[in-house]
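Below, each chain spelled out in residue letters.
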Amino acid sequence: MDYKQQIAETIYSVLNEHLTLEDIYLLLEKPKHAEHGDVAFPAFQLAKVFRKNPAHIAQELAEDISSPLISKKQVVGPYINFFLNKESVSQGVLSEVVAEKGNYGHLSIGNGGNVPIDMSSPNIAKPMSMGHLRSTVIGNALSHILEKVDFKPIRINHLGDWGTQFGKLITAYKKWGNEEAVRAEPIKELLALYVKFHEVAENDPTLEDDGRLWFKKLEDGNEEAVELWKWFREESLKEFKKVYDRLNISFDSLSGEAFYNDKMDQVVDLLNEKELLTMDRGAYIVDLEKYDLNPALIKKSDGATLYMTRDLAAALYRKKNYDFAQSLYVVGQEQSNHFKQLIAVLKELGLDWSDDVHHIPFGLITKDGKKLSTRKGKVVLLEDVLNEASAQALKQIEDKNPNLPDKERVAEQVGVGAVVFHDLKNDRLNNFDFTIEEVVQFEGETGPYVQYTRARAMSILNKAGVTTVESANSLALTDDYSWEVVKLLHDYPHTIRRAYENFEPSIIAKHAITLAQAFNRFYANVRVLDAHPEKEARLALVSAVTDILKEDLRILGVESPDEM
RNA sequence: GUUUCGGUAGCUCAGCUGGAUAGAGCAUUCGCCUUCUAAGCGAACGGUCGGGGGUUCGAAUCCCUCCCGAAACGCCA
C-alpha cells in the first residue's frame, strides 16, 4: 500500500483538469522537517496555470482536499503539508510486515529471469585481498537484491586461472620452490615465489623468457606444466573456500578463464564471418570508432588471444547456457573501457541482447593513497582483516557481555559483519583508503550497530515471552517515535526498488542504519513491556523491526545474532 | 593530451526524479545506566556545498567554463 499514491489520487480528484496523476505523484515530496508533516504538495507550478500566486492557490486547493488518510493539513506559504493518520497507517503497515516478515518488500519485476553475475574472481595462487572483497560482497548483495525483485541470480566466480603469470609461477617454483612449503601454506608460498620472480627479473630479463616458455608449454598441454597448474589451482581453491565460508558466500559456477580456452576459436570465427576483424600492426582488431572507443584487440600479433576474446566467449556462452534476462559483471571501474568495448562488439555482432549486459563498476581501494599491487607484495590480506575484526569483536564481548553463550561464534558474526557492512555502506563507486581502524569499527553507522539494535529488540520479545508477533487486535500507534519507525517500514519496498534500479547495495545499508537509528530512539523513549493500551501494537512494531533489520542484513550478506 | 568518475563540517560520507531553515557518523566537550543489552540515547561545537558564470519562481542537485584529485587510454587481466 503506497500512501503517497493515495494522496496523489485525492489531489487528482480535484485537479484532474490541470495535472495528470503522475505529475502530481512526482510533485509530492517528503518534507525534511517533521513540523512540515509527512507529505507535501508545492503549488509553484500551478501558479502559471491559474495565474495566481502559489500561496493563494495552496490555500484554496487545501480546502477542497480531504481524505480519511489525512488527519491534518496545513498551508505554509506555497506548500500544502499533509499529516497522515497515524493510527490507520501504522495499522496498515504493521499488519503487512508482521504477516509477511522477511518476505515484505518482495517485488514482482523480474519474472524469474536468469541473471548471471560475474563476481569475486580472485587469481589462482594469489591471496584474496581487500580488493576482491568488494567484488565478492557487492556481487553477493546484488544477487540477494535481484532475488528480492523476482530474478534468479547465478553467481559465477570467474576465477583468474589462466595466463602468462602461470608461466612465471612455474618457472619460480622450479627454481626456488619446494613441495612441502606449498602444501603447508599454499597461497603464502606461491605468492612469495611470484614476488621473488619479479624481484629477480628486474636484473635478469632472461627469467621473463623462461616464464613465457613455460606458459607456452602449459598451453600446449605439456604434462609437467599442466600437473603443476592443476595443483596450484586446487590448493588455491581450498584456501578461497575458507574465506567464502566465513563470508557465507557460495557460487553456482566456478568456471574461470581456463574454461573458455576451447571456446575462443569460435569467437574469432564468428567475428570473421561477420567481417568485423581487421588486421592492424599485425594484430586482429574490431574497429569501434563509431562508438568512440579504441579498437578491441582480439588476437595479438603472435597469434595469442586476449582478455577481450575470452570475455566475448564467456558472454556468448552465458547467453546460450542461461538465456539470461540480464548479465552482470561486478568488476572494478578501472575496467569500464573494457566492458564498453565488450558490449560494443556484441552490438556489432548484431546481438540485440547486448543491451542486457551491464558492467557494475566499483571504486578502488588504496593503501596509504597507493594502488595495491600483488606483484610488489603490497597487499592487504582479507583473511588478516577478518581475523583482526573477529578478535576485536571477541574482546568487546569479554568486556561488555562476558556471560554470552557461544562467544566465538558471535564474535565472528560481528567482526566479519563489520568488515562486510563497511564495504557496502557507501556508494559503490567511492574510492577508499584502507585503514584497519576504520574498517573494524563497532560504533556509529556500522554493521555491529545494526546487529546490536536488533539484538536489543530481540531481547524485548524474549522478555515478553514471544519470539515473533504474527498478528494483534490493534496495531494502531500514535507517538512520534513509533511513527518514524512505521514510516521507514512503509518505505521498504521503495528502498528495494531503488537498490535494484541502481544496482546499489548501499541503499539497503542506508535503510538499515536509518531504521536502526529510529528504533533506538524509540527504544530510549518508549517503554514496551510496561502495561499500556498500545503494548500489543508496540510489541508488533518491535517484532517487525527485528524482521526487517534481519532482512536488510541478510541482503548485505551480514548475519544477525539474536544476542550479543 | 583525450575520456570517465569525484571535490559537501577537522575526518569519513548521505542528500531519491531541482523545492521550504544543507543532514548523519567519527573526533572533541558535556549530560543520561535502582526501568526492556550504554556496541545505546541526548546536547554542544563545526559548512563560502572547489571557484566563476548561466537556466529557473526556486540550484549542493541541471548547463557552460576554470581549478584540484583519482582512474582508464591496442598486443596484461
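Given the structure is predicted, the values throughout are model-derived calculations rather than measurements.

Caption draft 1: Region of interest: the pattern of salt bridges. For the coordinates displayed, the defined rule picks out 31 salt bridges. The shortest N-O distance in the salt bridge between Arg 183 and Glu 235 comes to 3.7 Å. A residue pair is termed long-range when its members are at least 10 positions apart, and Arg 183 in helix H8 (residues 179-184) and Glu 235 in helix H11 (residues 223-247) qualify at 52 residues. Using a relative accessible area of 7% as the deciding quantity, one classes Glu 235 as buried. Taking the shortest distance from any N to any O, the salt bridge between Glu 501 and Arg 497 comes out at 3.6 Å. With a gap of 4 residues between them, Glu 501 and Arg 497 both fall in helix H19 (residues 480-501), about one helical turn apart. The class of Glu 501 is partly exposed, set by a relative accessible area of 48%. Assessed through its relative accessible area of 35%, Arg 497 is described here as partly exposed. The network of salt bridges with common partners includes Glu 179, Arg 183, Glu 235 and Lys 238.

Caption draft 2: Local environment of the protein's contact with RNA strand B. Looking at RNA strand B, there are 64 residues lining it, with Tyr 79, Lys 300, Tyr 452, Ser 459 and Val 526 nearest. Backbone atoms, meaning sugar and phosphate, make up 61% of the atoms of RNA strand B lying within 4 Å of the protein. Gly 444 is positioned with one of its backbone polar atoms (N or O) 3.2 Å from a phosphate oxygen of RNA strand B. Considering every element that reaches the surface near RNA strand B, the biggest residue donor is helix H18 (residues 447-463), with 7 residues. Here the surface near RNA strand B is built from residues that sort into 25 nonpolar, 17 polar and 22 charged.

Caption draft 3: Layout of empty space enclosed by the protein. Under the counting rule described, the total for this entry stands at 1 cavity of 30 Å³ or more. One number sums up the size of the largest cavity: a volume of about 40 Å³. Lining the largest cavity, in full, are Ile 124, Ala 125, Lys 126, Gln 165, Leu 169 and Tyr 194. A breakdown of the residues in the lining of the largest cavity according to their chemical character gives 4 nonpolar, 1 polar and 1 charged.

Caption draft 4: Structural detail: the side chain of Ser 390. With respect to the helices and strands, Ser 390 occurs in helix H15 (residues 382-400). A polar side-chain atom of Ser 390 sits 3.1 Å from a polar atom in the side chain of Glu 412. Each residue touching Ser 390, except ones within four places of it in the same chain, is listed here: Arg 246, Ala 411, Glu 412 and Gly 415.

Caption draft 5: Layout of the nonpolar core. Within the largest apolar cluster, 150 residues are counted, with the highest numbers of intra-cluster contacts made by Ile 11, Phe 41, Phe 82, Phe 232, Leu 247, Val 450 and Leu 489. The element contributing the most residues to this core is helix H21 (residues 535-556), with 12 residues. Membership of the second largest hydrophobic core comes to 29 residues, among which are Leu 276, Leu 312, Ala 344 and Leu 349.

Caption draft 6: Layout of the sheet that holds strand E3 (residues 79-84). Taken in spatial order, the 3 strands of this open sheet run E1-E3-E2, and their pairing is antiparallel. Whereas interior strands pair on both sides, the edge strands pair on one side only; in this sheet they are strand E1 (39-42) and strand E2 (70-76). Mean inter-strand twist for the sheet, computed between neighbouring axes without regard to direction, equals 20°. Pairing analysis gives 4 bridges linking E1 to E3, with the strands arranged antiparallel.

Caption draft 7: Structural view of the sheet that holds strand E11 (residues 365-367). Reading across from one edge, E12-E11-E13 is the order of the 3 strands in this open sheet, with mixed pairing throughout. Every other strand in the sheet has two partners, leaving strand E12 (370-371) and strand E13 (432-433) as the edge strands with one partner each. Note that E11 and E13 share 2 bridges and pair parallel. In the strand pairing of E13, Ile 365 is matched with Phe 432.

Caption draft 8: Summary view of helix H5 (residues 86-100). Between its first and last C-alpha atoms H5 spans 21 Å; for 15 residues at 1.5 Å apiece the expected length is 21 Å, and the two agree. For H5, the complete set of buried residues consists of Val 89, Ser 90, Gly 92, Val 93, Leu 94, Val 97 and Val 98. In this fold, the buried residues of H5 make contact with helix H1 (3-15), E3, H19 and H21. At the N-terminal end of H5, a side-chain oxygen is found 3.1 Å from the backbone nitrogen of Glu 87, two or three residues along, and the residue is Asn 85. Just downstream of H5, Lys 101 is the residue with a positive phi angle, here 55°.

Caption draft 9: The arrangement of the layout of surface pockets in detail. Here the second largest pocket is characterised by a volume of approximately 1300 Å³. Surrounding the second largest pocket, 43 residues form its lining, Lys 30, Lys 487, Leu 488, His 490 and Asp 491 being those nearest its centre. Contributions of two or more residues to the lining of the second largest pocket are made by H1, E3, H5, H19 and helix H20 (505-525). In terms of residue count, the dominant contributor to the lining of the second largest pocket is H19 (12 residues). Tallied by class, residues from the lining of the second largest pocket come to 16 nonpolar, 10 polar and 17 charged. When residues are assigned to domains, the lining of the second largest pocket turns out to be shared by domain 1 (3-84) and domain 3 (382-556), each giving three or more.

Caption draft 10: Geometry of the domain arrangement of chain A. What the domain assignment lists for chain A is domain 1 (3-84), domain 2 (114-371) and domain 3 (382-556). Here the C-alpha centroids of domain 1 and domain 2 sit 54 Å apart.

Caption draft 11: Representation of the packing of H11 against H15. Remark: H11 packs on H15, axes separated minimally by 11 Å, with the N-to-C direction vectors making an angle of 40°. With respect to H15, the axis of H11 lies oblique. H15 is crossed by H11, and the crossing has left-handed handedness. Between H11 and H15, the residues in contact are Val 243, Arg 246 and Leu 247 and Leu 382, Glu 383, Leu 386, Asn 387 and Ser 390, respectively. Considered class by class, the residues forming the contact of H11 with H15 number 4 nonpolar, 2 polar and 2 charged.

Cut-offs applied
Residues numbered from 1 in each chain as written. Chains lettered and ligands numbered in written order. Predicted model: local features only at pLDDT ≥ 70, side-chain atom pairs only at ≥ 80, totals over all residues. Heavy atoms only, no water. Salt bridge = Lys/Arg side-chain N within 4 Å of Asp/Glu carboxyl O. Helix = DSSP H or I, 4+ residues; strand = E, 2+ residues; numbered from the N terminus. Buried < 20%, exposed > 50% of the residue type's maximum accessible area, 1.4 Å probe, protein only. Near = heavy atom within 4 Å. Polar contact = N/O pair within 3.5 Å; in protein donor to acceptor, adjacent residues only side chain to side chain. Nonpolar A, V, L, I, M, F, W, Y, C, P; charged D, E, K, R; others polar. 1 Å grid on protein atoms, 1.4 Å probe; cavity = no way out; pocket = protein on both sides within 12 Å on 5 of 7 lines; lining within 4 Å. Points joined across faces, edges and corners; volume = space filled by probe spheres on them. Contact = heavy atoms within 4.5 Å. Core = buried A, V, L, I, M, F, W, Y, C linked by side-chain atoms within 4.5 Å. Pairing = 2+ DSSP bridges. Axes fitted to C-alpha atoms, helices over the stretch in contact; angles between N-to-C directions. Expected span 1.5 Å × (residues − 1). Domains from an automatic or database assignment. Parallel < 35°, antiparallel > 145°, perpendicular 65-115°, else oblique. Left-handed = near helix turned anticlockwise from the far one by under 90°.

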